[in-house]
Amino acid sequence: MLPSFVICLREGLEAALIVGIIAAFLGSQGRSEALRQVWIGVGAAVVLCLAVGIGLTVLSRDLPQKQQEGLETVIGLLAVGLVTYMILWMRAHARGLKKHLEGATAGALATGSMRALVVMAFLAVLREGFETAVFLLGLFNESTISTGPAIAGGLLGLGLAGGLGYGIYKGGIHLDLARFFRVTGAVLVVVAGGLLMTAFRTAHEAGWINFGQTQAFDLTWLVHPGTTWSAMVTGILGITAHPTVIEVTVWVLYVVPMLIVVLWPQRRRPTRTAATATEPAPVAA
Amino acid sequence: MSIRPTLALTGLAAAAALTACSSASSGAADLGSGTPAAVALVATKDGCAPAPATLPAGPMTFTIRNDNAPAVSEVELMKGSKILGEKENLIPGKTASFSLRLAAGTYTVYCPGAKTNKATFVVTAAS
């Protein structure tokens with residue numbers, strides 16, 4: 001029961017995390033229509049993954065591993081791009097956001113970007129969904145595994161992952177965006193760094209990157225494989241027990257500059273100083 | 001940002017889905033003719049030594065089984081740092097297999113999480 005719980009928790013978290021962040025972002029902006037589309041997209045992705053899983057199981061075909069890893073890499077990189085865009089967008093608009101919530105249109109997210117977020121939520125589920133569906137359905141054919149507990153464990157893992165994703169959404173939605181950003185800016189950088197690291201790992205598994213594969217650290221003490229804790233750390237932060245040199249390199253190259261950008265105190269924006277400067281202007285004459 | 005990111009995302013998704021679908025048959029192409037020789041890769045807490053450890057070049061089917069090793073969840077067959085075949089999400093008791101044609105050379109079986117996480121697999125010139 002535990003092994004399938006751990007695997008489904010990790011796979012589920014990798015999807016629920018991205019969906020939760022997107023939903024919180026849209027929700028805190030009051031985009032209920034876009035939010036509705038996110039849930040529809042997630043539902044559609046789940047159905048699609050189940051259909052593919054059932055199809056492959058019926059035909060007793062395996063999921064093509066290399067192509068699955070390639071798909072995970074492409075979607076993972078898209079997610080890194082989108083989360084990065086969200087971080088930079090929130091940083092640029094943090095000041096104007098309060099005004100926006102009071103009814104001004106300044107800082108509103110363009111329709112195109114919003115659609116991109118909806119599509120991303122769909123893709124995030126697709127990225128982990130095929131593998132998870134095939135894994136769960138495959139359990140029915142294993143004679144040396146007691147199917148009932150294994151399936152129950154897997155579903156529990158998915159349920160917990162979904163619950164945590166929903167928690168991110170619920171927690172995020174109550175913060176106004178300026179605070180959402182201050183609280184989560186740095187966290188989002190680390191999450192995106194983890195996504196990037198995972199994308200480089202899947203790129204290796206897809207056969208696209210074959211250099212820098214020496215093990216950089218042994219993090220077995222931190223991420224003991226096969227445990228619930230390891231599923232959380234790997235699912236949320238992308239950190240595995242045996243990160244390779246290339247994974248650590250891209251993580252540092254992304255996270256360090258992004259953290260500087262996010263945490264560096266912002267200078268006052270010129271428009272702001274201009275606005276305060278114009279106030280006493282008539283008096284001067 | 002306008003409608004462009006949406007289109008780009010949708011396009012990439014379609015491309016990715018197509019790649020994933022079109023590949024179902026490509027596994028067989030790597031195999032060529034002849035009856036595949038069987039290699040058993042049993043992952044335990046201690047390692048994942050292949051049995052037999054040596055085979056002549058040709059098509060092979062690797063049957064992987066996780067024998068009570070919760071820390072091991074994947075097994076890879078590698079040539080240098082390149083992954084040739086892989087199975088993930090191998091919970092204890094689970095069996096999986098992949099087939100491919102191997103030329104003479106030294107290969108590595110990698111099972112992260114086991115005490116000795118690498119084992120050597122030698123392919124000799126075809127007899």
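Scoring rules and cut-offs
Residues numbered from 1 in each chain as written. Chains lettered and ligands numbered in written order. Predicted model: local features only at pLDDT ≥ 70, side-chain atom pairs only at ≥ 80, totals over all residues. Helix = DSSP H or I, 4+ residues; strand = E, 2+ residues; numbered from the N terminus. Buried ≥ 20, exposed ≤ 12 C-beta atoms within 10 Å, placed from the backbone. Contact = placed C-beta atoms within 7 Å. pLDDT = per-residue confidence, 0-100. Pairing = 2+ DSSP bridges. Axes fitted to C-alpha atoms, helices over the stretch in contact; angles between N-to-C directions.

Participant: How do you make sense of the overall build of chain B when you look at a structure like this?
Facilitator: Per the secondary structure count, chain B includes two helices and nine strands. Helices and strands in chain B line up, N terminus first, as α-α-β-β-β-β-β-β-β-β-β. Evaluated residue by residue, chain B yields a buried proportion of 32% over its 127 residues. Nonlocal contacts in chain B, meaning residues at least 24 apart in sequence, comprise 60% of its contacts between residues at least 6 apart.

Participant: I tried to follow the confidence of the model for chain A on my own but got confused; where do I start?
Facilitator: The predicted structure's coordinates, where accompanied by low pLDDT, should not be read in detail. Residue and element names in this part refer to chain A. Counting all residues, the mean pLDDT for chain A is 86, and 85% of those residues have values of 70 or more. Ranking the helices and strands of chain A by mean pLDDT puts helix α9 (residues 245-263) first, with 95, and helix α11 (residues 281-284) last, with 44. Segment residues 102-106 is flagged for pLDDT under 50; beyond a separation of four residues in sequence, or across chains, it makes four contacts in the model. Long-range and interchain partners of residues 271-285, a stretch whose pLDDT sits below 50, account for one contact in this model, where long-range means more than four residues apart.

Participant: In this structure, what is going on with the confidence of the model for chain B? I would like to understand it.
Facilitator: Of all residues in chain B, 76% have pLDDT values of 70 or greater, and the mean over the chain is 84. The model gives residues 21-29 of chain B a pLDDT under 50, and that stretch makes five contacts with residues more than four places away or in other chains.

Participant: Please clarify how the sheet that holds strand β1 (residues 37-43) of chain B should be interpreted in this entry.
Facilitator: Sheets are built from strands that pair by backbone hydrogen bonding, the pairs being arranged parallel or antiparallel. Residues and elements named next belong to chain B. The four strands lie next to each other as β2-β1-β4-β7, forming an open sheet whose pairing is mixed. Each end of this open sheet is capped by a strand with a single partner; those strands are β2 (50-51) and β7 (95-102). Two strands pair when backbone bridges link them, and strand β4 (residues 58-66) and β7 are joined in this way by eight bridges, in the antiparallel orientation. The residue of β7 that forms the bridge with Met 60 is Leu 100.

Participant: In this structure, what is going on with the pairing of strand β6 (residues 82-87) of chain B? I would like to understand it.
Facilitator: On a regular strand, each side chain points to the face opposite its neighbour's, so the side chains alternate between the two faces of the sheet. Residue and element names in this part refer to chain B. The pairing of strand β5 (residues 75-79) with β6 spans five bridges and is classified as antiparallel. Considered in β6, the bridge of Val 75 is made with Lys 87. Connecting the antiparallel pair β5 and β6 is a turn made up of two residues, with Gly 80 showing a positive phi of about 65°.

Participant: Help me understand the sheet that holds strand β3 (residues 54-56) of chain B in this model?
Facilitator: Residue and element names in this part refer to chain B. The five strands are arranged β3-β9-β8-β5-β6 in an open sheet whose pairing can be described as mixed. Taken across any chain shown, the strands that pair with only one partner, and hence form the sheet edges, are β3 and β6. Pairs of neighbouring strands in the sheet enclose a mean axial angle of 25°, with direction left out of account.

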